[in-house]
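# Summary of the model geometry
Each chain, letter by letter, is given below.
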Amino acid sequence: MSRKKGLRGKAASSSPSTDSPTGKSTGKPARSSPGIVQMNGVVHPSRPPISNSSEFYDIAFKVMLVGDSGVGKTCLLVRFKDGAFLAGSFISTVGIDFRNKVMNIDGVKVKLQIWDTAGQERFRSVTHAYYRDAHALLLLYDVTNKSSFDNIQSWLTEIHEYAQQDVVLMLLGNKADSAHDRVVKREDGERLAKEFGVPFMETSARSGLNVELAFTAVAKELKHRSTKDPSEKFKLQEYVSKEVKGAGCCRS
Ligand SMILES: Nc1nc2c(ncn2[C@@H]2O[C@H](COP(=O)(O)OP(=O)(O)OP(=O)(O)O)[C@@H](O)[C@H]2O)c(=O)[nH]1
Ligand SMILES: [Mg+2]
C-alpha cells in the first residue's frame, strides 16, 4: 500500500461549506484539492477537504446525528469525542454543529466529521440541507420517551426523501442506562430495525455503552466501501450483532 500519511483523501462534497471553526456553515465553497489517495492499489481521486483541521487522515466521511430533541445526540457525540457525559440541565442544540474525530480503522486513519443536528422541529429545514452530503446517519430515539420511538418512522421518511440512497444508516436506542424510566423495550427497537433492514443497538451517553461501537461500525463500513478491498469481507449487520453489548453490561 503506498498510502501517504496526511494526504487528505476521500471527503465530502462542498455544500454546505463546513470550514467554520464554530461548526456553523460559512456559506463559502470549500477549498478544492486535486490530490489522489492510493489505498490497497485502488486509486481514489480526492475530493475537497471537509475542514481546515490539521489532523492527519487518509479518508474522511460525514456522519449525521438525527432524531427528536432530547434523545441525547449532543451527549452521544461528546461521549464519543471527549469520553465525558454532559450532565446537568439540558441545552438544546440550535441549528447544527460538528466535531471531528480521527479513528484508526485497521491501520487506516478514518476521519469522521460528525454533524450534531437540532432535533427541534423549527430547525428541520436547516437539517434537510445537510442530508445529501452525509455518508452515514445515526438515527436516535430515547428508550425513556415513547414518542421519540414512534417518530422514527417519520424520520425514516425524511431520510429517504433527503439523504443519498446508499447512505449508511443505523438505529440507536439511547439512554439504555435508565432502567427505571424505560418505556421502549430493546425487542421493540430490534423489531423496528429489522422491519427497515437497518443495524440497531442500544446506547448510553451516560455510561458509554456501545458509543464507541456505533461510530466504529459506521467507520468500518464506510472505509470498506471506500477501499473496496476484495480480501476484506466486512458486513455491518454481522459486525454489530457480534460486538453489541446489552444494557447493564460494561462500558464500551
Ligand atoms: N440517563 C441518560 N440521560 C441522557 C443520555 N444522553 C443524554 N441524556 C440527557 O438527555 C438530555 C438531552 O440530551 P442532549 O444530548 O442535549 O439531547 P439532543 O438530542 O442533543 O437534543 P437537541 O439538541 O434538542 O436535539 C440531557 O439532559 C442529557 O443529560 C443517556 O445516555 N442517559
Ligand atoms: Mg443537541
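Structural data are supplied above this passage.
Reference entry: report on the structure contained in this document. (Residues numbered from 1 in each chain as written. Chains lettered and ligands numbered in written order. Predicted model: local features only at pLDDT ≥ 70, side-chain atom pairs only at ≥ 80, totals over all residues. Heavy atoms only, no water.)

### Description of the overall build of the protein chain
Within the protein chain one finds seven helices and eight strands. Split into buried and exposed, the 252 residues of the protein chain put 51% on the buried side. Considering only contacts within the protein chain whose residues lie at least 6 apart along the sequence, 72% involve residues at least 24 apart. Total accessible area computed for the protein chain in this model is approximately 11900 Å², and 51% of it derives from carbon and sulfur atoms. (Helix = DSSP H or I, 4+ residues; strand = E, 2+ residues; numbered from the N terminus. Buried < 20%, exposed > 50% of the residue type's maximum accessible area, 1.4 Å probe, protein only. Contact = heavy atoms within 4.5 Å. Areas by Shrake-Rupley, 256 points an atom, 1.4 Å probe, with all protein chains shown as cover.)

### Some points on helix 5 (residues 186-196)
Every buried residue of helix 5 is accounted for by Gly-189, Leu-192 and Ala-193. Buried residues of helix 5 fall within an arc of 100° about the axis and therefore sit on the same side. In helix 5, those exposed residues whose orientation departs by more than 90 degrees from the buried face are Arg-191, Lys-194 and Glu-195. At its buried positions, helix 5 is contacted by strand 6 (136-142), helix 3 (146-150), helix 4 (152-162), strand 7 (168-174) and strand 8 (200-202). Phi turns positive one or two residues past the end of helix 5, at Gly-197, with a value near 65°. (Arc of directions from axis to C-beta.)

### Observations regarding the site of ligand 1
Around ligand 1 lies a shell of 24 residues, among which Ser-69, Lys-73, Ser-92, Gly-119 and Asp-177 are the nearest. Within the contact set of ligand 1, a nitrogen atom lies 3.2 Å away from a side-chain nitrogen or oxygen of Ser-178. Here ligand 1 has 650 Å² of accessible area as a free molecule, and 91% of this is covered by the chains. Per-class residue counts for the shell around ligand 1 are seven nonpolar, 12 polar and five charged. (Near = heavy atom within 4 Å. Polar contact = N/O pair within 3.5 Å; in protein donor to acceptor, adjacent residues only side chain to side chain. Nonpolar A, V, L, I, M, F, W, Y, C, P; charged D, E, K, R; others polar.)

### Digging into the packing of aromatic side chains
All told, the structure shown has seven aromatic pairs when counted by the stated rule. Arranged with centres 5.0 Å apart and planes meeting at 45°, the rings of Trp-115 and Tyr-130 form a pair that is tilted. Of the two residues, Trp-115 sits in strand 5 (residues 108-117) while Tyr-130 sits in helix 2 (residues 124-131), which places them 15 residues apart along the sequence. Accessibility classification places Trp-115 together with Tyr-130 in one group, the buried group. In textbook terms, an aromatic cluster arises when at least three aromatic residues are bridged by ring pairs, as seen for Phe-98, Trp-115 and Tyr-130. (Phe/Tyr/Trp six-rings, centres within 6.5 Å; stacked < 30°, edge-to-face > 60°.)

### Section: the coordination of the magnesium ion (ligand 2)
Only Thr-74 (OG1) and Thr-93 (OG1) from the protein reach the magnesium ion (ligand 2) as donors, at distances of 2.1 Å. Pair noted here: Thr-74 is in helix 1 (residues 73-82) and Thr-93 is in the loop between helix 1 and strand 4 (96-105), with a separation of 19 residues, a long-range link. With relative accessibility at 24%, the residue Thr-74 sits in the partly exposed group. (Donors = N, O, S within 2.8 Å, 3.2 Å for Na, K, Ca; no water.)

### Overview of the layout of surface pockets
The calculated volume of the largest pocket comes to roughly 560 Å³. In terms of lining residues, the largest pocket is bounded by 27 residues, among which Gly-72, Cys-75, Leu-86, Phe-90 and Lys-175 are the most central. The dominant element in the lining of the largest pocket, judged by the number of residues it contributes, is helix 1, at three residues. Each residue belonging to the lining of the largest pocket can be placed in one class, and the counts come to eight nonpolar, 13 polar and six charged. (1 Å grid on protein atoms, 1.4 Å probe; cavity = no way out; pocket = protein on both sides within 12 Å on 5 of 7 lines; lining within 4 Å. Points joined across faces, edges and corners; volume = space filled by probe spheres on them.)

### Let's talk about the nonpolar core
Counting 33 residues, the largest nonpolar core has Leu-112, Leu-138 and Phe-215 as the members making the most contacts within it. Looking at this core, the elements with two or more residues in it are strand 3 (59-67), helix 1, strand 4, strand 5, strand 6, strand 7, helix 6 (211-227) and helix 7 (236-243). Among the elements that make up this core, the one with the highest residue count is helix 6 (eight residues). Each residue touching Phe-215, except ones within four places of it in the same chain, is listed here: Leu-65, Leu-76, Phe-80, Met-103, Leu-112, Ile-114 and Leu-138. Formed by 26 residues, the second largest nonpolar core is a distinct cluster that contains Leu-137, Tyr-141, Val-143 and Leu-192. (Core = buried A, V, L, I, M, F, W, Y, C linked by side-chain atoms within 4.5 Å.)

Everything listed here is a matter of coordinates, which is why it stays silent on function.
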